[in-house]
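Residue-level listing of the chains:
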Amino acid sequence: MAQVVLKDLVKTYGSVYAVHDVSLTVNDGEFVALVGPSGCGKTTTLNLVAGLIPITSGDIVIGDRVVNNLDPKDRDIAMVFQNYALYPQKSVYKNLAFPLQMRRLPREEIDLKVREAAKVLDMTHLLERKPRELSGGQQQRVALGRALVRDPAVFLMDEPLSNLDAKLRVQMRSEIKRFHQDLKATIIYVTHDQLEAVTMADKMAVMNGGYLQQYDTPAQVFAHPVNMFVASFIGSPAMSLIPLEATSVNGETALSSAEGWTLALSPRNARKVKKATSKKIVLGARHSTLKLHKSSIPGAIPAKVYTVEPTGDVTFVQAFLSGAVVNISVPPSVSVVPDEQVWLEFDQERMHLFDGETEMALNAE
Amino acid sequence: MALDSVSRSGGQRIDGWRWGGRFFLLFMLLYTAVPMIWMLITSIKSGFAAMQFPPQWWPREPTLASYQKLLDPQNSVGQDFLRFFWNSLYVSVLTTLLAVAVAVPAAYAFSRFSFPGRKFLFFSVLLRNMFPAVIFLVPLFILMRWLGLVNTHGSLILTYLTFGLPLAIWLLKGFYDNIPVQLEQAARIDGATRFQAFILIVAPLSVPGIIATAIYSFIGAWNEYIYAATFLTKNEQLTLPVGIQRFFSENTSDYPGLMAATFMMSVPVVVLFLLLQRYFVRALTEGAVKH
Amino acid sequence: MTIMTGQADSNRTKPVVRTSLLQQMWTSRTDYLYVLPAIIVMLIVIAYPIYYTIDLSLYKTPPGLLLKDKIWVGFDNYVAILGSEIVWKVTLNTFIWTFASTIIAFILGYGAALALHRDFFGRGVIRAILIIPWVISAVAASYVWKWIYHSDFGLIGAVLVQLGILDHQPNFIDRTNTVLPSLIVVNIWREFPFAMIMLTAGLQTVPDQLLRAAKVDGANAWQRFWHVTFPYLSGVSTVTILLLAVANFNSFIIPWLMTGGGPANASHIWITHIYEIAFGRQRWGVGAAYSVLLFLILMTMGYFYVRALSGAEKKEGP
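Here the structure is a predicted model, which is why all the values come from computation and not from measurement. (Residues numbered from 1 in each chain as written. Chains lettered and ligands numbered in written order. Predicted model: local features only at pLDDT ≥ 70, side-chain atom pairs only at ≥ 80, totals over all residues.)

### A short note on the overall build of chain B
- Regarding its fold elements, chain B presents 13 helices and 0 strands.
- Listing each helix as α and each strand as β along chain B from the N terminus yields α-α-α-α-α-α-α-α-α-α-α-α-α.
- Per-residue burial for chain B yields a buried fraction of 48% across its 291 residues.
- Put simply, of all contacts in chain B between residues at least 6 apart along the chain, 74% involve residues at least 24 apart. (Helix = DSSP H or I, 4+ residues; strand = E, 2+ residues; numbered from the N terminus. Buried ≥ 20, exposed ≤ 12 C-beta atoms within 10 Å, placed from the backbone. Contact = placed C-beta atoms within 7 Å.)

This is the structure we're talking about:
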């Protein structure tokens, strides 16, 4: 196993930047998820690490070697593809054996390794089948097995679960996580599904528009998103972002809405707001930090219920507030109906404040 | 349509279309098959029986004499015919092998790589289909004379390559476009070079396309007339289309013999095509016709 | 939302990376190896002849193909061609031949593909029979049809006489007013299967859902064809029509072997005419000038051809 370092990585197509100055370090044995919406550059970044497309500038270091100009076959990596990329004309056995044959291992050793991998992944009985005779989950396993037999320095995974149905996806998610724990493998995992990234990865790199937005543990990214993009991308339902304006009420800093209400701020939040480049402030709140009241209490903001989605454990309520849709989760015992007038109470400790111009998170210090 | 008690108007309309389709098919079948059937019937008549009015719709005394004459290595007609047949086979097989060997890498490159000029080269290759053989005859004859290839089968093979290539490359390119690029990427990560990934993974998957290409080249070479008529003058080198034309321009009234020769010339390509046509349609569906 | 910059400084500008063309060509030099054989063959057999033909068209040439004593005459050959009467006759013939063959072959092929789209007993056999004329050589087709059109013992004439429609054997290909249509019938016989194959392949790509949706919307068979299938296949249709048109414009064997352009030039088209001038009368320079004119016509057609093909080749490389 090895660590992977990306230094000022750039990939351009003509004058279009696909990857824009990405730098990050994946420590030995770490599971890192590259996450972002489609077209954000995450798959390009993975392909650059794999050597499938040439880099424009910057450095890629795997272990202690700079691999910028090495062929994929010389980078000591394995990759699992979204569509599995199993060789359709080869049996499962031959699919697993192919990377070993390419390395000219002796036949007996290949056989041993293939059977061992098959055993680990519980597919010994499938070895003679062709890929098209397997279910999606089984194909996924073969793809994983083909990466596994190699014992590579780094595993690269490109949305390996996105072609599976929901139930299988949850199951494979825990299998891959288990696989990582058992092997202490270095894994770079690309996904557009933030839930996968949050649940599986040691660290996540959130990308957008070719830029690396934030690189940290899922807990940190969740608790302290650096900008509005990360805030709205991570977490489900998404963080509510309410555009407001900084104002002053009796000398105290507060936020005012075009709807006429104002929200008083704690001293710490007031300090944050003072750092903004303009009066435009965006208030962010996750659904679980909002309290819904059925009658007016001091400090709570009036809002109108739009939809109600009971899920069993919790009920998600959407309401309109200052032109933005706000998500609130309430216990199933609370009954609200659409168009009902409710009052929302914000948690001063857990609210997020963003600069409305730069869209960056505001800090007190 | 008195029996049609259910949904009278709808049923009748569908029936109308279906019957229209059937009549159309019947007409097309007659148009297509009657000339071929008449060829076969004529070929088993004697020369005298063929030249009668009104014609014998079915020969009163069917005879295989024409076929015997063409296939008998003892008589001069048979010797010529068998030699023409062999020449055609030789030229067509070699053309086919070379066409596949040249078209496969080219189509792959056009599908996968993005080198400068790729589009221009691709379309200039396709443009070849635009130009008729006749306007190339004189310069190519001079070129072949300069290369020392006049009166050799090499001149034909080289020329046939070029009119088979454009469609072959086009068909195969469509095929390669449909093979996920991830398969090669996987192979390259698994330790293969780009070339190995192509030979070990992609080429075997494109076998249906290669077969379609091969049929097309073979049929094109087998049926070609103009270049063969211009580049070859020695009787022992002629291919079937030219050989038959030369022979029967001297024996203009031997229609049974001509029909028998025409039939035998058509058998190899027809059999080959009917056996492998599903690859051809598949190659078109997956390659050229895709949306 | 337009959040692109993240932690990065939003005003940072980067020099646009532009590598020179030569540099790009050098870095992809191994890619060219794959296409090199095809290019070499094409160069030998196309580029050189084109150059040679243009050059030759400016000379007056003696008979025989040694061409030693050719005399520079500039554009005299072209002037002679455009001033001759036969060129317009041949052009009209070529237009009728190409247009009629292409349209009728396309319609018949389209109809056959549609009629054979729904599965029924014997479909495979019928389809196979319909394809055969396309596979056999034009030389074979010419002889078979020459025999069917024979002025004394031809099948069609005999049937017409026996049915009492005509009182004597008609003369299909020895009369100036019937020869061209008669040859077009032969040409279509050989070519409609190509249209059929292309459209059969095309029909398989029409999504069933689309047709079912139209059916649910109350469209009848004709409306489903006209509003769903036909527009869906417009790409394939264009390519097919163009390929047919180019092939027909360039046909040689059928008119040459069946009539040699006669009687009285009634079945001469451009290609047979060029062949006769060059190889029959050995006027190589004039033949070359004709070829160059043909080139210009073909290049115009080629423009549309490439445009249609690049439409079919929508997907770009990686």
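### Some remarks on the overall build of chain A
- Per the secondary structure count, chain A includes 9 helices and 20 strands.
- On the principal axes, the C-alpha backbone points of chain A span a range of 80 × 45 × 35 Å.
- Counted over contacts in chain A with a minimum sequence separation of 6, partners at least 24 positions apart contribute 64%.

### Focus on the interface of chain B and chain A
- Each partner contributes to the interface: chain B provides 14 residues, whereas chain A provides 18 residues.
- Contributing elements (two or more residues each) for the side of chain B that touches chain A: helix 8 (181-189) and helix 9 (194-205) of chain B.
- Broken down by element, the side of chain B that touches chain A gets its largest block of residues, 6 residues, from helix 8 of chain B.
- Tallied by class, residues from the side of chain B that touches chain A come to 8 nonpolar, 4 polar and 2 charged. (Nonpolar A, V, L, I, M, F, W, Y, C, P; charged D, E, K, R; others polar.)

### Some words on the sheet that holds strand 6 (residues 77-80) of chain A
Residues and elements named next belong to chain A.
- The strand order 6-7-8-3-9-10 describes an open sheet built from 6 strands, whose pairing is mixed. Of all the strands in the sheet, the pair left with one neighbour each is strand 6 and strand 10 (211-216). Taken pair by pair, the neighbouring strands of this sheet meet at an average axis angle of 15°, ignoring direction.
- Sheet analysis places strand 3 (residues 31-35) next to strand 9 (residues 203-208), joined by 4 bridges and oriented parallel. Paired with Ala 33 across the two strands is Met 204, which belongs to strand 9.
- Each of strand 6 and strand 7 (154-158) is contacted by helix 4 (residues 136-148), which is oriented at about 175° to strand 6, the strand it contacts most. (Pairing = 2+ DSSP bridges. Axes fitted to C-alpha atoms, helices over the stretch in contact; angles between N-to-C directions.)

### Points about the confidence of the model for chain A
- Averaged over every residue, the pLDDT of chain A is 90; residues scoring 70 or more account for 100%.
- Of all secondary-structure elements in chain A, the lowest mean pLDDT belongs to helix 5 (residues 166-183) of chain A, at 87, while strand 3 of chain A reaches the highest, 95. (pLDDT = per-residue confidence, 0-100.)

### Description of helix 5 (residues 123-135) of chain C
- Taking 1.5 Å per residue, 13 residues should reach 18 Å; helix 5 of chain C reaches 19 Å between its end C-alpha atoms and fits that length.
- By the burial criterion, the buried members of helix 5 of chain C are C:Arg127, C:Leu130, C:Ile131, C:Pro133, C:Trp134 and C:Val135. (Expected span 1.5 Å × (residues − 1).)

### So, the nonpolar core
- Grouped together as the largest cluster of nonpolar side chains are 279 residues, with contacts concentrated most on A:Leu344 and B:Ala103.
- Among the elements that take part in this core, helix 7 (residues 153-178) of chain B stands out by supplying 15 residues, more than any other. (Core = buried A, V, L, I, M, F, W, Y, C linked by C-beta atoms within 7 Å.)

### Comments concerning the environment of A:Glu345
All names here are of chain A.
- Residue position: Glu 345 is located in strand 19 (residues 341-345).
- Classification of Glu 345 as partly exposed rests on a count of 15 C-beta atoms within 10 Å.
- Here the alpha-carbon distance between Glu 345 and Leu 290, two residues 55 residues apart in the chain, equals 5.8 Å.
- Setting aside residues up to four positions removed in sequence, Glu 345 forms contacts with Lys 291, His 293, Ile 297, Gly 299 and Ala 300.

### A closer look at the interface of chain B and chain C
- In this assembly, 88 residues from chain B lie in contact with 83 residues from chain C.
- Taken together, the elements giving at least two residues each to the side of chain B that touches chain C come down to helix 1 (8-43), helix 4 (76-112), helix 5 (118-127), helix 6 (133-147), helix 7, helix 10 (207-223), helix 12 (240-250) and helix 13 (255-288) of chain B.
- Considering every element that reaches the side of chain B that touches chain C, the biggest residue donor is helix 1 of chain B, with 16 residues.
- Split by residue class, the side of chain B that touches chain C holds 67 nonpolar, 16 polar and 5 charged.

### Topic: the pairing of strand 18 (residues 324-330) of chain A
- Across 7 bridges, the pairing between strand 17 (residues 315-321) of chain A and strand 18 of chain A is antiparallel. The residue bridging A:Leu321 from the neighbouring strand is A:Ala324, located in strand 18 of chain A.

### Notes on the sheet that holds strand 17 of chain A
Residues and elements named next belong to chain A.
- Read across the open sheet, the 5 strands follow the order 15-19-16-17-18; overall the sheet is antiparallel. Edge strands, defined here as strands with exactly one partner in the open sheet, are strand 15 (291-293) and strand 18. Pairs of neighbouring strands in the sheet enclose a mean axial angle of 45°, with direction left out of account.

### Points about the environment of C:Ala141
Residues and elements named next belong to chain C.
- In this fold, Ala 141 is placed in helix 6 (residues 138-148).
- Spatially, the C-alpha atoms of Ala 141 and Ser 151 are 17 Å apart, while their sequence positions differ by 10 residues.
- Among residues more than four places away in sequence, those in contact with Ala 141 are Pro 133, Ile 136, Val 186, Trp 189, Arg 190 and Ile 254.

### Section: the packing of helix 4 of chain B against helix 12 of chain B
All names here are of chain B.
- The N-to-C vectors of helix 4 and helix 12 enclose an angle of 155°; their axes lie 8 Å apart at closest approach. Judged by the inter-axis angle, helix 4 sits roughly antiparallel to helix 12. Each of Asp 80, Phe 84, Phe 85 and Ser 88 in helix 4 lies in contact with helix 12, whose residues at this interface are Leu 240, Gly 243 and Phe 247.
- Broken down by class, the residue content of the contact of helix 4 with helix 12 amounts to 4 nonpolar, 2 polar and 1 charged. (Parallel < 35°, antiparallel > 145°, perpendicular 65-115°, else oblique.)

### Some details on the confidence of the model for chain B
Residues and elements named next belong to chain B.
- Mean pLDDT over chain B works out to 82, with 88% of the residues at or above the 70 mark.
- Counting interchain partners and residues more than four positions distant, the pLDDT-below-50 stretch residues 1-11 has 4 contacts.
- This complex was scored by the predictor with a pTM of 0.76 and an ipTM of 0.84.

### Digging into the packing of helix 8 (residues 179-203) of chain C against helix 11 (residues 234-249) of chain C
Residue and element names in this part refer to chain C.
- Relative to each other, helix 8 and helix 11 sit at 160°, their axes nearing to 10 Å. It follows from the interaxial angle that helix 8 and helix 11 lie roughly antiparallel. Taken as a pair, helix 8 and helix 11 cross one another with a handedness that is right-handed. Residues Asn 187, Glu 191, Phe 194, Ala 195, Met 198, Leu 199 and Gly 202 of helix 8 touch helix 11, and the partners they reach there are Val 236, Thr 240, Leu 244, Ala 247 and Asn 248.
- Among the residues making up the contact of helix 8 with helix 11, the classes are represented as 7 nonpolar, 4 polar and 1 charged. (Left-handed = near helix turned anticlockwise from the far one by under 90°.)

### Some details on unusual backbone geometry
All names here are of chain A.
- In this structure, the amide linkage connecting Ser 236 to the following residue, Pro 237, adopts the cis form with an omega of -5°.
- Here Pro 237 shows up in the loop between helix 8 (228-233) and strand 11 (240-249).
- One non-glycine residue, Lys 184, adopts positive backbone phi at about 50°.
- Following the sequence through the fold, Lys 184 ends up in the loop between helix 5 and strand 8 (186-191).

### A short note on the pairing of strand 12 (residues 252-256) of chain A
All names here are of chain A.
- Relative to strand 12, strand 11 runs antiparallel, the two being bridged by 5 bridges. Residue pairing across strands places Glu 245 opposite Ser 256, the latter belonging to strand 12.
- The antiparallel hairpin formed by strand 11 and strand 12 contains 2 residues in its connecting segment, where Asn 250 sits at a positive phi of about 55°.
- Pairing between strand 12 and strand 13 (residues 262-264): 3 bridges, direction antiparallel. Paired with Leu 255 across the strands is Leu 263, a residue of strand 13.
- In this structure, the hairpin formed by strand 12 and strand 13 is closed by a connection of 5 residues, where Gly 260 is found at a positive phi of approximately 110°.

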